[in-house]
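# Commentary on secondary and tertiary structure
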Amino acid sequence: MLDEILRFLLEIVFTLFGAALIARAWMHAIRLHPFNPLSRFIYQATNWLVLPLRKIIPAGNKIDWTSLVAVWLSALIYLVLVWLVAIGALIPLEYLPKAMGSALIMAIKWALNLVVWLTLIQAVLSWVNPMAPMMPMLQALTAPMLDPIRRLLPRTAIDFSPLVLLIVAQVLLMVLSNISQRMMGL
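Notes on the structure follow.

Conventions used here
Residues numbered from 1 in each chain as written. Predicted model: local features only at pLDDT ≥ 70, side-chain atom pairs only at ≥ 80, totals over all residues. Heavy atoms only, no water. Helix = DSSP H or I, 4+ residues; strand = E, 2+ residues; numbered from the N terminus. Buried < 20%, exposed > 50% of the residue type's maximum accessible area, 1.4 Å probe, protein only. Contact = heavy atoms within 4.5 Å. Areas by Shrake-Rupley, 256 points an atom, 1.4 Å probe, with all protein chains shown as cover. Lys, Arg positive; Asp, Glu negative; His and termini not counted. Charge placed at Lys NZ, Arg CZ, Asp CG, Glu CD. Phe/Tyr/Trp six-rings, centres within 6.5 Å; stacked < 30°, edge-to-face > 60°. Expected span 1.5 Å × (residues − 1). Patch = residues over 30% accessible without salt bridge, like charges linked within 9 Å, V, L, I, M, F, W, Y side chains within 5 Å. Salt bridge = Lys/Arg side-chain N within 4 Å of Asp/Glu carboxyl O. Core = buried A, V, L, I, M, F, W, Y, C linked by side-chain atoms within 4.5 Å. Axes fitted to C-alpha atoms, helices over the stretch in contact; angles between N-to-C directions. Parallel < 35°, antiparallel > 145°, perpendicular 65-115°, else oblique. Left-handed = near helix turned anticlockwise from the far one by under 90°. Nonpolar A, V, L, I, M, F, W, Y, C, P; charged D, E, K, R; others polar.

Here we come to the overall build of the protein. Summing up its helical and strand segments, the protein has six helices and zero strands in all. Across the protein, helices and strands are ordered from the amino to the carboxyl terminus as α-α-α-α-α-α. Projecting the C-alpha coordinates of the protein onto the three principal axes gives extents of approximately 55 × 35 × 30 Å. A total of 186 residues make up the protein; the buried ones form 36% of that total. Summarising the internal contacts of the protein: among those between residues at least 6 apart in sequence, 63% fall at separations of at least 24. Only carbon and sulfur atoms are counted for the fraction: they give 74% of the accessible area of the protein, which is about 11500 Å². For the protein, the distance from the average site of its 13 positive side-chain charges to the average site of its 7 negative ones is 12 Å.

The structure is reproduced here in structure tokens:
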């Protein structure tokens, strides 16, 4: 039972931290104002890892490579710790390449989960309180994904683009879970 509790706590901590790193990279890509309270929180929560890595891996103009590498490293550490809790030993060296690939898939899964949550929060807020102070930031974060879908869908009184995005994200999560399980031989 203790190992289940430890795995649960590891999953919560690393998923939230991974989501913060992904949000940091996304905010960099869309040029979200850094003085937004949520932006400041994300920067402060992730600076301890991103700033030292930035000395080795510079952030690009459009892509924050430092944050993306930090997400991958976090996912790799998460997988190593979960393996350690489950098996009681470190990952054998022959499994390390598979673990590195699984860490990339885990980072993509974290990104898709972040997309799901941001889209759900924006959809609910648009019904409950469309003038909420958080709405402009949510719209800025989700617009690059929702706008192409809106262009493809017929115009109706109800915006179905969030629903389509949620379905696509969930299907991708299922595919990635299947790939990840096959990679690790589960």
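Under the defined criterion, the tally for this structure stands at four aromatic pairs. Here a set of aromatic residues connected by ring pairs shows up, and it is made of Phe14, Tyr78 and Trp110.

Taking 1.5 Å per residue as the helical rise, helix α6 (residues 161-183) with its 23 residues ought to reach 33 Å, and the 33 Å between its terminal C-alpha atoms agrees with that figure. Restricting attention to buried positions, one finds in α6 the residues Ser161, Pro162, Leu165, Leu166, Ala169, Leu173, Leu176 and Ser180. Where α6 is buried, its residues contact α4 (96-128) and α5 (135-152).

This brings us to unusual backbone geometry. At Arg31, a position not held by glycine, the phi torsion is positive, near 60°. Residue placement: Arg31 occurs in the loop between α1 (2-30) and α2 (37-54). With a relative accessible area of 47%, Arg31 lands in the partly exposed category.

Our focus in this paragraph is a nonpolar patch on the surface. Taken together, the side chains of Met1, Leu2, Ile5, Leu6, Phe8, Leu9, Ile12, Val13 and Leu16 present a nonpolar region at the surface, about 940 Å² in accessible area. Locating Ile5 in the fold gives a position in helix α1.

This paragraph deals with the nonpolar core. One finds Leu21, Tyr78 and Trp110 to be the most contacted residues of the largest nonpolar core, which totals 36 residues. Elements represented by at least two residues in this core include exactly α1, α2, α3 (65-87), α4 and α5. Element by element, the count of residues in this core is highest for α1, at nine residues. Not counting residues up to four positions away in its chain, the partners in contact with Tyr78 are Leu10, Glu11, Phe14, Met106 and Trp110.

If you walk through the whole model with that rule in mind, you get four salt bridges. Asp3 is paired through a salt bridge with Arg7; the nearest N and O atoms lie 3.8 Å apart. Of this pair, Asp3 and Arg7 both sit in helix α1, four residues apart, roughly one helical turn. When its relative accessible area of 30% is taken as the criterion, Asp3 is described as partly exposed.

Contact geometry of α2 with α3 gives a least axis separation of 9 Å together with a crossing angle of 120°. One way to sum up the angle between α2 and α3 is to call them oblique. In this structure, α2 crosses over α3, and the sense of that crossing is right-handed. Touching Leu49, Val50, Leu53 and Arg54 of α2 are Thr66, Ser67, Ala70, Leu73 and Ser74, all from α3.

A separate point is the packing of α3 against α4. With their axes 8 Å apart at the nearest point, α3 and α4 run at an angle of 115° to one another. Seen along the crossing, α3 lies across α4 with a hand that is right-handed. For the pair formed by α3 and α4, the contact residues are Val71, Trp72, Ser74, Ala75, Leu76, Tyr78 and Leu79 on the first element and Ala99, Met100, Ser102, Ala103, Leu104, Met106, Ala107 and Trp110 on the second. Taken together, the residues of the contact of α3 with α4 break down into 13 nonpolar, two polar and no charged.

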